[in-house]
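What follows is the residue order along each chain.
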Amino acid sequence: MAKKSKDVYGADGQSNLLNFDPAKLTLVTDVSSPLYDKRVHLPVNEALARNIDYQGVLEPVAVSKNPETGDTEVVFGRQRVKAAVLANQWRRERGMPERLIPGIVYTGKRENALDAIVSENEARTADTPLGRAEKM
């Protein structure tokens, strides 16, 4: 009988990894939302899109369901989502299957999401001093 992955790897717990069509995820642009981060307006990183085109999205994004609209909103991973949308455009043009994005459900409170956004993103794209000051 097959063992559970949790047991095989000696993990202390497990969670549910979901896969999303990047075009169906909502990038929050409403400045009044607790999920808003102005880096959502950065241009698409074509080098990242080429990498996603080649091997897919390797690092999961985090999502939260908007209780008012029902949209699945990105908590962190905006740049991966934007790059995946572009990579999928290229893949459609070549007749290749589109990439899905692995994602986890953000379990924190939406009001406190900025803490997770800052923590997760600082390791990837350093914020400007002004951007960090605004978040404080």
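See the structure shown above.
All figures in this text were calculated on a predicted structure; none of them were measured in a lab.

Definitions and limits used
Once a new chain begins, its residue numbering starts again from 1 and follows that chain's sequence as written. Per-residue local features are limited, in this predicted model, to residues with pLDDT of at least 70; the limit for side-chain atom pairs, both in listing and counting, is 80 or more; totals at the level of whole chains, interfaces and linings are taken over all residues. Values shown for side chains rest on all heavy atoms present in the structure; no hydrogens or waters enter the calculation. The way it works is that DSSP assigns letters per residue, a run of H or I at least four long becomes a helix, a run of E at least two long becomes a strand, and they are numbered from the N terminus. Each residue is assigned to one of three classes by its accessible area relative to the maximum for its type, calculated with a 1.4 Å probe on protein chains only: buried under 20%, partly exposed between the two thresholds, exposed over 50%. Here, two residues are considered to be in contact whenever any of their heavy atoms come within 4.5 Å of each other. Here the open area of atoms and residues is found with the Shrake-Rupley method and a 1.4 Å probe, where only the protein chains shown may cover a residue. Directions pointing from the helix axis toward each C-beta atom define the arc. Polar contact is defined as a pair of N or O atoms within 3.5 Å, subject to the rule that within protein one atom must be able to donate a hydrogen and the other to accept it, and that residues adjacent in sequence are counted only when both atoms are side-chain atoms. When a carboxyl oxygen of Asp or Glu is within 4 Å of a side-chain nitrogen of Lys or Arg, the pair counts as a salt bridge.

Enquirer: Summarise the overall build of the protein; cite the residues concerned and give the values.
Expert: Assigned secondary structure in the protein consists of five helices and four strands. Put simply, the protein runs from its N terminus to its C terminus through helices and strands in the order α-β-α-β-β-α-β-α-α. Taking all 136 residues of the protein together, 36% fall into the buried category. Within the protein, contacts between residues at least 6 apart in sequence are counted, and of these 73% link residues at least 24 apart. Carbon and sulfur atoms make up 53% of the accessible area of the protein, which totals about 8,800 Å².

Enquirer: Break down helix α2 (residues 46-55) for me, with residues and values.
Expert: Every buried residue of α2 is accounted for by A49, I52 and D53. End-on, the buried residues of α2 take up no more than an arc of 105°, which puts them together on one face. Its buried side turned inward, α2 meets α3 (78-93). Two or three places before A47, at the start of α2, stands the capping residue N45, its side-chain oxygen 3.0 Å from that residue's backbone nitrogen. Once α2 finishes, G56 follows within two positions and takes phi at roughly 85°, a positive value.

Enquirer: Mind laying out the pattern of salt bridges, listing which residues take part and the relevant values?
Expert: A full pass over the atoms with the stated rule returns five salt bridges. One salt bridge in this structure joins R39 and D37, with 2.8 Å as the shortest N-O distance. D37 matches R39 in its accessibility class, with the two residues each being buried. For D53, the salt bridge is made with R94, and the minimal N-O distance between the two is 2.7 Å. You can see D53 sitting in helix α2 and its partner R94 sitting in the loop between α3 and β4 (101-105), a full 41 residues away along the chain. On the basis of relative accessible area, R94 is assigned to the partly exposed category, the value being 44%. Overlapping salt bridges bring together D53, R91 and R94 as one network.

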